[in-house]
Amino acid sequence: MTGTSRTTEPPTDAPAATGSSAAGAQPSPARRRRPRPGFLLGAAGLLVVAVAGTAVTFASGGHADRSASLDRRPPSTTTVTRQNLVDRETKNGELGYGTPRARDSRLGGTVTWLAEGGATVKRGKALYRIDDEPVVLLYGSLPAYRMLRSGVSGTDVKQFEQNLAALGHTGFTVDEDFTSATADAVRDWQEDLGLPETGQVEPARIVYAPGEVRVESHGVEVGDTVGAGKVVLSTTGTARLVTCTLDVEDQRLARKGAEVTITLPDGTRSTGKVDTVETVVQTSAATTGKDAETDTKIEVTITGDDAKALAGYDKAAVDVGLVASERADVLTVPVAALLTLAEGGYGLEVVEEGGTRIVAVRTGLFADGRVEVSGGAVTEGLTVGMPGD
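Quick summary incoming for the structure in this document. Since the model is a prediction, treat every value here as computed from it, not as a measurement.

Looking only at helices and strands, the protein features four helices and 25 strands. Burial analysis of the protein (389 residues in total) assigns 41% to the buried set. Counting contacts in the protein only where the partners sit at least 6 residues apart, residues at least 24 apart contribute 67% of the total.

Strand order in the open sheet made by the four strands is β7-β15-β13-β9, with antiparallel pairing throughout. The open sheet has two edge strands, β7 (101–104) and β9 (120–121), and neither has a second partner. Two strands pair when backbone bridges link them, and β7 and strand β15 (residues 231–236) are joined in this way by four bridges, in the antiparallel orientation. Along β15, the bridge assignment pairs Ala102 with Ser234.

For the rest of this paragraph, the subject is a negative patch on the surface. Taken together, the side chains of Asp188, Glu191, Asp192 and Glu197 present a region of like negative charge at the surface. Within the element layout of this structure, Asp192 appears in helix α3 (residues 180–193).

Here the focus is the sheet that holds strand β10 (residues 126–130). Pairing is mixed across the open sheet formed by five strands, whose spatial order is β12-β11-β10-β8-β14. The open sheet has two edge strands, β12 (206–209) and β14 (225–226), and neither has a second partner. Bridging between strand β8 (residues 109–114) and β14 involves two bridges; their strand directions are antiparallel. Along β14, the bridge assignment pairs Thr110 with Thr225.

In the structure shown here, the tally under the stated rule is 17 salt bridges. A salt bridge links Asp305 to Lys273; its shortest N-O distance comes to 3.5 Å. Taken together, the residues span a long stretch of sequence, with Asp305 in the loop between β19 (294–304) and α4 (307–310) and Lys273 in strand β18 (residues 269–283) at a distance of 32 residues. Classification of Asp305 as partly exposed rests on a relative accessible area of 45%.

Conventions we followed
- Residues numbered from 1 in each chain as written.
- Predicted model: local features only at pLDDT ≥ 70, side-chain atom pairs only at ≥ 80, totals over all residues.
- Heavy atoms only, no water.
- Helix = DSSP H or I, 4+ residues; strand = E, 2+ residues; numbered from the N terminus.
- Buried < 20%, exposed > 50% of the residue type's maximum accessible area, 1.4 Å probe, protein only.
- Contact = heavy atoms within 4.5 Å.
- Pairing = 2+ DSSP bridges.
- Patch = residues over 30% accessible without salt bridge, like charges linked within 9 Å, V, L, I, M, F, W, Y side chains within 5 Å.
- Areas by Shrake-Rupley, 256 points an atom, 1.4 Å probe, with all protein chains shown as cover.
- Salt bridge = Lys/Arg side-chain N within 4 Å of Asp/Glu carboxyl O.
- Lys, Arg positive; Asp, Glu negative; His and termini not counted.
- Charge placed at Lys NZ, Arg CZ, Asp CG, Glu CD.

In short, shape yes, function no, at least from these values alone.
Printed below as a string of structure tokens:
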């Protein structure tokens, strides 16, 4: 059997094979060809290699199994590795505190005080003051929508009473019923705030949020006169978040709980998880003679796994690696280890103690310069050839 040579072109004096393995027969050379671009997903091109002087047979199922030279080895080798293979798509994101929420006044009057921009406001504290009376923050998901007073029942009553108890007021039962005992506790609360002690809760005096908030910006200045519906200020949460806006066709990337990578402007890489996924409608500014245009987008909010890694920037543009495809516990090799077989498909050059042989493989996911491979001859730890530099 003749030796195996690696050249950039096949030997010109190697006759074509006329059949299956036989004494003195010379089969057509197997080439390392560049796999079709659709399979590589942008991976680096493969080195063209000719393997001459091999005896070609086909195992059951039509898979190629070529016995190669005993005295020639590939320039380098690698091993078949079992791992989780993840293909990510990189999108633009913004590091900050999430999307701001505008807070409209529900009172008319003069703005006499505003919480400072960047300040953190906690439960029971004032966000702003109208006519020198506070509008306070409480925790909850249900907006204040009606007057609360004795005889009223509902989930909004229970939500308010939970806040009242958390602020240290007692003497009532936290339930869905607003009783005279609740009214007494409300009078104590109003006294602490400097409000008229009516025992009734005006919805305009409360702003509900899931937790403490950060003042993002002001919509008015102290001394301005406001009416109902005027934006007084905007707030965000206090946790560092990454917001990423996707086109609708990229919705497959937005899976709640999915792991992501976050690359900061200085190149530092951190990790996080998709926290919320929302469909939003963005409206562009109307141009002269034209109506405003709307566009549907997918807004993804990402929480970081390491808060300290994100703390160095107040706001920053970041790269977000979102999972496009994932394969768990599969066998992989570097893409460059693949051979394009003359009869079609892909193979690997298996390196053994007595020489080398070429086996056909099935390919799966391509990601991060590696490819999923499978086949009866492919096992974890198998040594396979790699092209030279």
